[in-house]
Structure formats: structure tokens, C-alpha cells
Amino acid sequence: MDDVTLFSQQAIDDIRQNQAEWEGGALAATLKSRPEEKQTYETESGIPLKRIYTAADIADIPASELGFPGAYPFTRGVYPTMYRGRPWTIRQVAGFGNPEATNQRYKYMIQTGQTGLSTDFDLPTLLGLDSDDPMAFGEVGRVGVAIDTVDDVERLFDGIDLEKISVSLTINPSAWVIYAMFVTVAEERGCDLHKLTGTLQADPLKEYVAQKEWIYPVRPAVRLLRDLIMYSARTTPKINPVSLSGYHLSDVGGNALQEIAFTMAFTISYCEEVTRAGMDIDDFAPRLSFFFISHQDFFEQICKFRAARRVYAKIMSERFNARKPESMRLRVHVQTAAMSLTKVEHHNNLMRTAIQALGAVLGGCQSMHTNGLDEAFAIPTEEAMKLAIRTQQIIREEINVTSVIDPLGGSYFIERLTKDMEDEVWKMLDEIQERGGAIKLVEEGWFQQKLADSAYATFKKIDSGEKISVGVNKYADAASRSADVHIHPYDDHCTQLQIDRLRAVRENRDDARIQSLLKELVEQARSDDINLLPKTIELVRAKATLGEICSALREVWGSYSEPMIV
Amino acid sequence: MADTKGAGAVIEANEASHTNATIRVLVAKLGLDGHDRGAKVVARILRDAGMEVVYTGLYKSPKDVVQAAIQEDVDVIGVSLLSGSHVPLFRELCRCLREEGAEHVLVVAGGVIPEQDYPALLECGVDAIVPQEARAGLIVTAITDLVAARGRI
């Protein structure tokens, strides 16, 4: 099927001729009497757009580039039946305060119809600090839930059957410790570890360039991910140990092409690390998962998902010689674009989010978080989350977009743009390779500079009014105010409760054992070829705190100091 | 513009504009908030407006930032926060400024700050709050107006 083109040469020639006649006739006449609004049209990431696309524009794309859903190169979707067999998972992220506060929110969301859980952690937890660390001042339980010890993870999932519901953990530099706590809780409850499903974000390279949560220098952070991937593949085979995250690249200013290309560059680095340590690509690649944004440029976003699937399938097949189809399919969780939301006339955010969510569905996502309309103010209230869940339910159940797989596939425009994006991504990947690969470029700040430049360019487009934000820089209503929104309250007792619990744990454990285990962990970390997960799990069981484990390894690896890129 | 040494990146004032050339601004992040997109964009806007800008990077305590501000002899500290912990962190920042006898350094807040929190911030010593959707012109005039009102020191 490789050489099959979609159209006969005769048909293409006819179309070209007809188009030339149309351009010289009807089109030319109209342009004369009414010029178009802009000189040039392009996508958000700068790909030029034609006025109209025809079969002639996709004549060079072989049929094999599209293929069929669930089959290489997965352009049309990762599963043969897609939403007909299983709708995407509604997975709203939540996390705030003490573990029991988040647990309560989970139960509310499950009751509202959410089908998977997702956890946001507070900044001290993400950065490997205990709640009583001086740097944790003012941050405990603020943007996510506070976790200090394994007991907190037990509280977080109290009354929730971990064998039945999948759990996503948005955790990064300290991910291996949170994983150890999660596995320990499941084991203590008597769960079958082979039945646990869920996802850790644990994507360190994008942290250094985008989300900016780090503890150690770049290479030890990648080693920790390698250990996590390898341990999880054997112990918890249904857990995705990493979610390669383009979302954050976009969040700091990256365009759709940078989002895919940089994410793929990081994917290549991780696969190289794990295969170098001796694991076969097919033994871990099926559990690599992805996290992309669904942003404002509707068609470019849809094509982004399609192009990303095709690029990934080719990388895994051609570069890493994967043989299992599961190793080549890009499964993606999508979140709508928080950056697109406005404080001014915040109800408009509902419409923005609904359209972005539709794009994600037409692009073939596997799970989704729709932002709350109050996201531009603070973390979402229960009511905002309910509306966000309802948005997905309306798309899924009311408007009949799930009956046909890849419904836009075959559109001249969609196929051309998908191919153009793919070509651009390959160019960027070649450049990254020529410059020495992703890890080296992260250390040098190359990605950081690209993204900062892109963010500034976007700001200038908004500032000049070229990029429109309705209600903000166009159709602004002087009378509309932004303050009348109910904001999720912060519980002031949260910090003290975490600190009291930490003290109680520290007083009621075998300190000498913790110290000797920490010493052993540090020794293991000095050697590159020992997996740190078993020792970490021992520590967690003995009630070592997150902060103790993370700071012990600073002794070996030191801290990361960022290149000052502005 | 990469600089791994020293307290932060010093961004030279743009040659083209001299109107605000003497205003020195420290752009900072406080606490553990890693959202630096806005801070970096603001640093460039101020530089393009002719100011001298120092960016101190991530994970700085209020004390770190106050010390850097004194050391760099800035007129203004601009802090962008999206972590929700602005009230305790700005309160501490302003307290440190007073403790060091550096109340003359103006404090401008930006980021995700609900209007409900404006009174608390202004009361603790923040001089101006720049809304999230502010255009470049508003950010620049907020700073030039504050410095003009205070007078040069």
C-alpha cells in the first residue's frame, strides 16, 4: 500500500486547471471589488494558509500516511474503535489543602460523573520539601495537596478503590518518592499491584525548560526517571510512569510545532537512557504517555494531535526499532488552554474551553481536563469544576461527534496541514540532534531561550492587537468588571495541621533505622547502575518524610542552578 | 542573554530610548512559584522602555530579594506571583524592606492576584498592582509614575 496515492494524475491535472480558471475569473473579480481583510493568513505557529485546499494539495501524500485507526502510523487514532468502544476519560485535576480536603473533592467529582482521578500537589511537595521547611512558607496546600509522608497518601485516597479507578499524579522532581508512597499504600491495602492503573507526570526535561520545578541538576533527574520507568514496568505494569508534557511548553510560550518537536526530543532522550540501561524498547514504550494542550487555533490544534501521532510512531519504529504496535501509539491526555482564559468577562471562558475541548476530541484524545471558568483567578470552585465536567459530557453525549473516527480525516486542508506540521517537526528534531541532543541543550538553556522569545513575540502580538482576546483587546466593555467571582477559599489551618502531623510521625518512628536507610540510599545514588526505587520504598515504609529523602540526595548530586535566560 | 554567574541576569537598557534610562528595576519571583513566563516578558518590556532591569530567577525568599534589591540599588521591585501565596509573601517582603531600612524601594505586584486581595497587599506596603491583562504601556507607566511621585533618591 506504500505507493498508493489518493488521486489519479489526470484528476489532479484537471483540478489544477479548473482552479487556475476560477482564480482568473470569479476570484479575481471578487478581490477587485472587495479585497480580503489580511494580506496573508497563517496558523498560530506561522504556517502559511491558502485560501482553499483541493485534492491537488494532498496529491503527494501516500495513503499509507493516513492508514487506519489503531494501526501504524496511527494518524487517524490510537485504537481501532476509538470513542465507539470507549469514550475518552473525563479527568479533572484537583488538589488543595490537606489530603482529606482533596479526598472530599474527589468524591464530589466521582459523583458528578468524572471517570478518572488526577492530583495536583502543592509546591513544597513538588519540590521535595516538607511542610515545615522554611522555603515552604505560605505555600502549603495552596496550589495543590500537601504530602509529607505515606500516611498523607493513605488519607488522600481514603475510601477510593485503587484497583478500580485510575489515578493520575501531577508530580515531577519528587515523582519517584510519591510513586513509592502510592505503591506502599496500595500494597498495605492488599491491592494487586498488577491491577493498579494511573499516570505520573515525571517528565524532568520539560521542567527545566517550562514548568520550572527542579531539585537536582539535569542528568541525575533523568536518571531518577529512568529508574522509575524500569521499576514500574516490572512492578506496576499498567501504570504510566511518565507523561511527556507538551502542555507546559505551550504554557510558557511555545507554539504548536515547538510543543510537539521539543516533547519528541525529550522522548528520544528518555528512550535512549532506558535502552542504554539494558531494557528492551518494547518492554517500556507501551507505557509512555503524553500530555498536550488544546489551544486556540482550532484546526492547527487538531492537526497537531494527528501529526504528533505520526511522528511518534515513526520515531519508535524507525529509530528505536520497536516491534509492538503498543510501543508506537501516542496516547494523550489533553487540557484546554489556561493561557487563553481571561479575568475580564470570565464567563466567556466557558465558550473558549468548550471549543478547545471539541478540538481535542476531533484530534482523538484519550482523556481530558477542561479548565474551570474561574481558572484565571484561583484554583476552581466546585461549581466551576461541575461546569467543566458538563462541557465534556455535552460534547460526548449530545452532539454526535463520537460516532465516526477521525471525522476530519481526508479533508484536503486537514491532511495538508497535518503533513506540513509533521515536516516542520522533523526539521526541528534534526536541528536538536545536530546541536548535540536534548539533554545537552536543556543544560545550555537553548530550549529556554526559544520559549522565552516565543512568549515575548506572543505578548507583542496581543499588545498590538494583532492577536485578539475578545473582551480584553477587542470589544472591551468599560462597564464589565472582573471581581464578582466566588473564589475557592484557602484553609489557614492547613499548614499547622501538616506540621503537627509531621512532628507526630517523626516522634513515633525508628529514627536510627531511617538514618541508616538514608545512608544506604546516598551510597546507591553514587553508582549510576543501581535502581533507587527499592530503597526509597523501604524508606517510605519506615515513615521517612518526602523532604528527608529528597534532601539526602542533594548531598550526592547538589542542586540545580538555572541559566538566567530572559 | 544567558548568565549562570552572579545573582541574576542584568539586562542592559536599550540604547534607543533614554527617557527612563535611570530607572532600575528588580524583576523577581518569590517562594516556590515556577511560572516565570510573565516575569520574563515584563523584564523585556521594561528593558525595551529603556529601564535597567535585573532578573533574580526562581525560588527566592523575600529576604533574598530584598538583599538583591539593596545590592543592585534599584528603584523598584516588581514581583510576579501565580501561586496564590501572594499575601503572605508580599507581607514578608515589605516587612524585610522596612527591617533593612529600604522602604524607599517601591514594590509592584503582578501575576494572578484576585481583586479581593488588593486591599491586603496595599495595606502591607505594596505600592501598585498591575492586572494580568495589562498592556506594555500600562506596565511601564505604572513604574514611571511611581518613581516620579516618590522622586529620585
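What you are looking at is a predicted structure, and each value in this text was computed from that prediction instead of being measured.

Here is what the cut-offs are and how they apply
- Residue numbers here run from 1 along each chain, matching the order of that chain's written sequence.
- Ligands are numbered from 1 and chains lettered from A, in the order in which they are written.
- A pLDDT threshold of at least 70 governs which residues receive local features in this predicted model, and a stricter bar of 80 or more applies before side-chain atom pairs are shown or counted, although totals over entire chains, interfaces and linings include all residues.
- For the side-chain quantities, the full set of heavy atoms in the structure was used; hydrogens and water were omitted.
- What counts as a helix is a DSSP run of H or I of at least four residues, what counts as a strand is a run of E of at least two, and both are numbered from the N terminus.
- The buried label goes to any residue with under 20% of its type's maximum accessible area, the exposed label to any with over 50%, and the partly exposed label to all in between, with areas taken from a 1.4 Å probe on protein chains only.
- The Shrake-Rupley method, run with a 1.4 Å probe sphere, supplies the accessible areas, and residue values consider only the shown protein chains as cover.
- A pair of strands is treated as paired once DSSP finds two or more bridges between them.
- Contacts between residues were defined by any pair of non-hydrogen atoms, one from each residue, lying within 4.5 Å.
- For helices, the fitted axis covers only the stretch in contact; all axes are lines through C-alpha atoms, and the angles between them, taken along N-to-C directions, range from 0 to 180 degrees.
- Salt bridges, as used here, are contacts in which a Lys or Arg side-chain nitrogen is within 4 Å of a carboxyl oxygen on Asp or Glu.
- One confidence number per residue, pLDDT, is output by the predictor and ranges from 0 to 100.
- Note that patches include only residues with greater than 30% relative accessible area and no salt bridge, and the join distances are 9 Å for like charges and 5 Å for nonpolar side chains (Val, Leu, Ile, Met, Phe, Trp, Tyr).
- Crossing handedness is read from the near helix: turned anticlockwise from the far helix by less than a right angle, it gives a left-handed crossing, and turned clockwise, a right-handed one.
- Polarity classes work like this: nonpolar for Ala, Val, Leu, Ile, Met, Phe, Trp, Tyr, Cys and Pro, charged for Asp, Glu, Lys and Arg, and polar for all others, with Gly in that last group.
- Under the convention used throughout, the expected extent of a helix is 1.5 Å for every residue step, that is, one less than its residue count.
- Any angle that is under 35 degrees is reported as roughly parallel, and any over 145 degrees as roughly antiparallel; angles of 65 to 115 degrees are reported as roughly perpendicular and all others as oblique.
- UniProt positions are given in the numbering used here, feature names are shortened, and annotations may be inferred rather than shown by experiment.
- Count a disulfide wherever a pair of cysteine sulfur atoms falls within 2.5 Å.
- Take the accessible area each of two parts loses on contact, using a 1.4 Å probe, and add the two losses: that sum is the buried area.

Turning to the overall build of chain B, a few remarks are in order. Scanning chain B for helices and strands turns up five helices and six strands. Counting the 153 residues in chain B, one finds 58% classified as buried. Of the roughly 6200 Å² of accessible surface on chain B, a fraction of 53% belongs to carbon and sulfur atoms.

Residue and element names in this part refer to chain A. For the peptide bond that leads from Y72 to P73, omega is -5°, which places it in the cis range. Structurally, the position occupied by P73 is in the loop between α1 (9-33) and α2 (82-85). One non-glycine residue, N400, lies in the positive phi region at around 55°. The topology assignment puts N400 in the loop between α14 (382-397) and α15 (412-434).

All names here are of chain A. As summarised here, the arrangement of the five strands in space is β2-β3-β4-β5-β6, forming an open sheet in which the pairing is parallel. Looking at which strands have only one partner, the edges of the open sheet turn out to be β2 (93-94) and β6 (239-240). As paired elements, β2 and strand β3 (residues 117-120) share two bridges and run parallel to each other. Its bridge partner being in β3, V93 is matched across the sheet by S118. Together, β4 (167-170), β5 (198-200) and β6 form the strand contacts of helix α6 (residues 175-188), whose direction differs from that of β4 by roughly 150°.

Turning next to the pattern of salt bridges. Residue and element names in this part refer to chain A. Within this structure, the stated rule accounts for 54 salt bridges over all chains. K535 serves as the salt-bridge partner of E538, at 3.2 Å between the closest nitrogen and oxygen. Of the two residues, E538 and K535 are both situated in helix α20 (residues 533-541); the distance of three residues between them amounts to about one turn of the helix. Residue K535 is classed as buried on the basis of its relative accessible area, which comes to 9%.

Here the focus is the confidence of the model for chain B. All names here are of chain B. Confidence in the prediction of chain B, expressed as mean pLDDT, is 88, and 86% of residues score 70 or more. In this model, residues 1-7 is a region of pLDDT below 50 whose contacts with residues beyond four sequence positions or in other chains number 15 contacts. Both confidence scores are given for the complex: pTM 0.93, ipTM 0.86.

All names here are of chain A. On the surface, L6, F7 and Y412 cluster together to form a nonpolar patch covering roughly 250 Å² of accessible area. Assignment of secondary structure puts F7 in the segment before α1. Judged by its relative accessible area of 30%, F7 is partly exposed.

In this section: α20 of chain A. Residue and element names in this part refer to chain A. Restricting attention to buried positions, one finds in α20 the residues L533, K535, T536, I537, L539 and V540. Buried-residue contacts for α20 involve α5 (150-156), α6, α8 (218-235), α19 (511-526) and α21 (546-557). At the exit of α20 stands K543, carrying a positive phi of roughly 75°.

All names here are of chain A. Put simply, helix α3 (residues 99-112) and α14 touch, their axes get as near as 10 Å, and they point 30° apart. Read as a crossing pair, α3 and α14 show a hand that is right-handed. Residues R105, Y108, M109 and T112 of α3 pack against E382, M385, K386, I389, R390 and Q393 of α14. Taken together, the residues of the contact of α3 with α14 break down into four nonpolar, two polar and four charged.

Below, the discussion takes up helix α17 (residues 446-463) of chain A. Taking 1.5 Å per residue, 18 residues should reach 26 Å; α17 of chain A reaches 26 Å between its end C-alpha atoms and fits that length. Within the span of α17 of chain A, buried status applies to W446, F447, Q448, Q449, L451, A452, S454, A455, Y456 and F459 of chain A.

Residues and elements named next belong to chain A. The geometry of α19 relative to α21 is characterised by a closest axis approach of 9 Å and an angle of 40° between their N-to-C directions. Judged on the interaxial angle alone, α21 and α19 are oblique. The crossing of α19 and α21 is right-handed. Of α21, the residues touching α19 (which contributes I514, L518, L521, V522, A525 and R526) are E548, I549, A552, L553, E555, V556 and W557.

Our next topic: the UniProt feature "domain: B12-binding" (unreviewed entry) in chain B. Mapped onto this numbering, the UniProt entry annotates "domain: B12-binding" (unreviewed entry) at residues 22-150 of chain B. Counted over residues 22-150 of chain B, helix gives 45% and strand 18%. Its end C-alpha atoms are 14 Å apart.

What follows is about the state of the cysteines. Applying the stated rule across the entire model yields zero disulfides over all chains. Considering cysteine sulfurs only, C550 of chain A is the nearest to C494 of chain A, which forms no disulfide, with 19 Å between them.

Each side of the interface is counted separately: chain A has 44 residues, and chain B has 45 residues. Between chain A and chain B the total buried area reaches about 3800 Å² when both faces are included, carbon and sulfur atoms providing 56% of it. Three residues, Y456, M564 and V566 of chain A, lead the burial of chain A against chain B; their summed loss comes to 22% of the area buried on that side. Viewed at the interface, chain B and chain A are joined by two salt bridges. Linking R44 of chain B and D453 of chain A is a salt bridge whose minimum nitrogen-to-oxygen distance equals 2.4 Å. Sorting the residues of the side of chain A that touches chain B by element identifies α4 (123-126), α9 (247-251) and α17 of chain A as the ones contributing at least two each. No other element matches α17 of chain A, which puts eight residues into the side of chain A that touches chain B. Classifying every residue of the side of chain A that touches chain B by side-chain character gives 26 nonpolar, eight polar and 10 charged.

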